[in-house]
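Working through the structure, step by step
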Amino acid sequence: GEDVEQSLFLSVREGDSSVINCTYTDSSSTYLYWYKQEPGAGLQLLTYIFSNMDMKQDQRLTVLLNKKDKHLSLRIADTQTGDSAIYFCAESPTDSWGKLQFGAGTQVVVTP
Amino acid sequence: GAVVSQHPSWVICKSGTSVKIECRSLDFQATTMFWYRQFPKQSLMLMATSNEGSKATYEQGVEKDKFLINHASLTLSTLTVTSAHPEDSSFYICSASNRGVDGYTFGSGTRLTVV
């Protein structure tokens, strides 16, 4: 199985908050990332969090990190139709710089 | 911000032919670039690490003679899929690093279809 796990699908109504969860395995990971992928496109970095932080907020995005449980979440406030995409969490293990380990991605569908 | 250009965005080729995909860092020098492969509705799998001026490092299970990587300059890495077969059809994405914490900039991807 994959080292980084995510739920595969999330449906949310426009205007509500979305929460995407991720668990990872490498406790030595220095940075954890959230990427967004729209259909047929590459990956867009949304945000990242340093491993010594518990929370990071960036406009509508809030990242929570529970290092003890190796749990990462991304909350999108006031979800819009343009937020429909696949969201990947990724960890960057310290012993393999540059080799991002991705989760399988969470398909977020925003309904009117 | 850092920009990575990937070309072509899509390509259709016949079985047995070779296809070259380019990955360019437009506004920074990238000593290291990464090539990923993504199957439909699946995650990205790292294929290889491309190092400027030296041989690429391939992940386990990736055939280096089939997926040729050349990183001849600080702004360009190429992936050549040799003797392509339908099972090579996939979405290939490169990323380049400027060694910053947010330095994993991804290209827009190349959709390869082998017929």
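Located above this text is the structure these notes cover.
Presented here is a report on the structure given in the accompanying data block. Everything numeric here is computed off the predicted structure, so don't read it as measured data.

1. A word on the side chain of Gln6 of chain B
Residue and element names in this part refer to chain B. Take Gln6: it is sitting in strand E1 (residues 4-7). The class of Gln6 is buried, set by a relative accessible area of 6%. Among the polar contacts listed, one links the side chain of Gln6 to the backbone oxygen of Tyr92, at a separation of 2.7 Å. One polar contact links Gln6 to Thr110, side chain to side chain, over a distance of 3.1 Å. The contacts of Gln6, once residues within four sequence positions are left out, are Ile21, Glu22, Trp35, Tyr92, Ile93, Cys94, Gly107, Ser108, Gly109 and Thr110.

2. Considerations on the interface of chain A and chain B
Every contact between the two is made by 20 residues of chain A and, on the other side, 20 residues of chain B. In this structure, the connection of chain A to chain B is made through 0 salt bridges. On the surface where chain A and chain B come into contact, there are 3 residue pairs in polar contact (both at pLDDT 80 or more). At the level of secondary structure, the elements contributing two or more residues to the side of chain A that touches chain B comprise strand E4 (31-37), strand E5 (43-50) and strand E9 (85-92) of chain A. Of the residues assigned to the side of chain A that touches chain B, the class counts are 12 nonpolar, 6 polar and 2 charged.

3. Notes on the state of the cysteines
Applying the stated criterion across every chain yields a total of 2 disulfides over all chains. At a sulfur-sulfur separation of 1.9 Å, the disulfide partner of Cys22 of chain A is Cys89 of chain A. On the sign convention where negative is left-handed, the bridge of Cys22 of chain A and Cys89 of chain A, at about 70 degrees about the S-S bond, is right-handed. On the criterion of sequence distance, the pair formed by Cys22 of chain A in strand E3 (residues 18-23) and Cys89 of chain A in strand E9 is long-range, its members being 67 residues apart. Between the sulfur atoms of Cys23 of chain B and its disulfide partner Cys94 of chain B the distance amounts to 2.0 Å.

4. Observations regarding a nonpolar patch on the surface
A cluster of nonpolar residues, Trp10, Ile12 and Val115 of chain B, forms a patch on the protein surface that exposes about 370 Å² of accessible area. In this fold, Trp10 of chain B is placed in strand E2 (residues 10-13).

5. With respect to the sheet that holds strand E7 (residues 67-73) of chain B
Residue and element names in this part refer to chain B. The 4 strands are arranged E1-E3-E8-E7 in an open sheet whose pairing can be described as antiparallel. Looking at which strands have only one partner, the edges of the open sheet turn out to be E1 and E7. Neighbour-to-neighbour, the strand axes of the sheet open up by a mean angle of 15 degrees, direction not taken into account.

6. Observations regarding the nonpolar core
In terms of nonpolar packing, the biggest core is built from 23 residues, with Trp35, Leu79, Tyr92 and Leu112 of chain B touching the most fellow members. Elements with a minimum of two residues in this core: E2, strand E3 (19-25), strand E4 (32-38), strand E5 (44-51), E7, strand E8 (76-81), strand E9 (90-97) and strand E11 (110-114) of chain B. Of all hydrophobic cores here, the second largest spans 20 residues; its members include Val12, Leu72, Ile76 and Ala85 of chain A.

7. Structural notes on unusual backbone geometry
In this model, His7 of chain B is joined to Pro8 of chain B through a cis peptide bond whose omega is 0 degrees. Mapped onto the fold, Pro8 of chain B is located in the loop between E1 and E2. With a phi angle near 55 degrees, Lys70 of chain A is a residue other than glycine that sits in the positive phi range. Take Lys70 of chain A: it is sitting in the loop between strand E7 (61-66) and strand E8 (71-76). Despite not being glycine, Ser83 of chain B shows a phi value in the positive range, around 45 degrees. Along the chain, Ser83 of chain B falls in the loop between E8 and E9.

The rules behind each value
- Residues numbered from 1 in each chain as written.
- Chains lettered and ligands numbered in written order.
- Predicted model: local features only at pLDDT ≥ 70, side-chain atom pairs only at ≥ 80, totals over all residues.
- Heavy atoms only, no water.
- Helix = DSSP H or I, 4+ residues; strand = E, 2+ residues; numbered from the N terminus.
- Buried < 20%, exposed > 50% of the residue type's maximum accessible area, 1.4 Å probe, protein only.
- Polar contact = N/O pair within 3.5 Å; in protein donor to acceptor, adjacent residues only side chain to side chain.
- Contact = heavy atoms within 4.5 Å.
- Salt bridge = Lys/Arg side-chain N within 4 Å of Asp/Glu carboxyl O.
- Nonpolar A, V, L, I, M, F, W, Y, C, P; charged D, E, K, R; others polar.
- Disulfide = S-S within 2.5 Å.
- Patch = residues over 30% accessible without salt bridge, like charges linked within 9 Å, V, L, I, M, F, W, Y side chains within 5 Å.
- Areas by Shrake-Rupley, 256 points an atom, 1.4 Å probe, with all protein chains shown as cover.
- Pairing = 2+ DSSP bridges.
- Axes fitted to C-alpha atoms, helices over the stretch in contact; angles between N-to-C directions.
- Core = buried A, V, L, I, M, F, W, Y, C linked by side-chain atoms within 4.5 Å.

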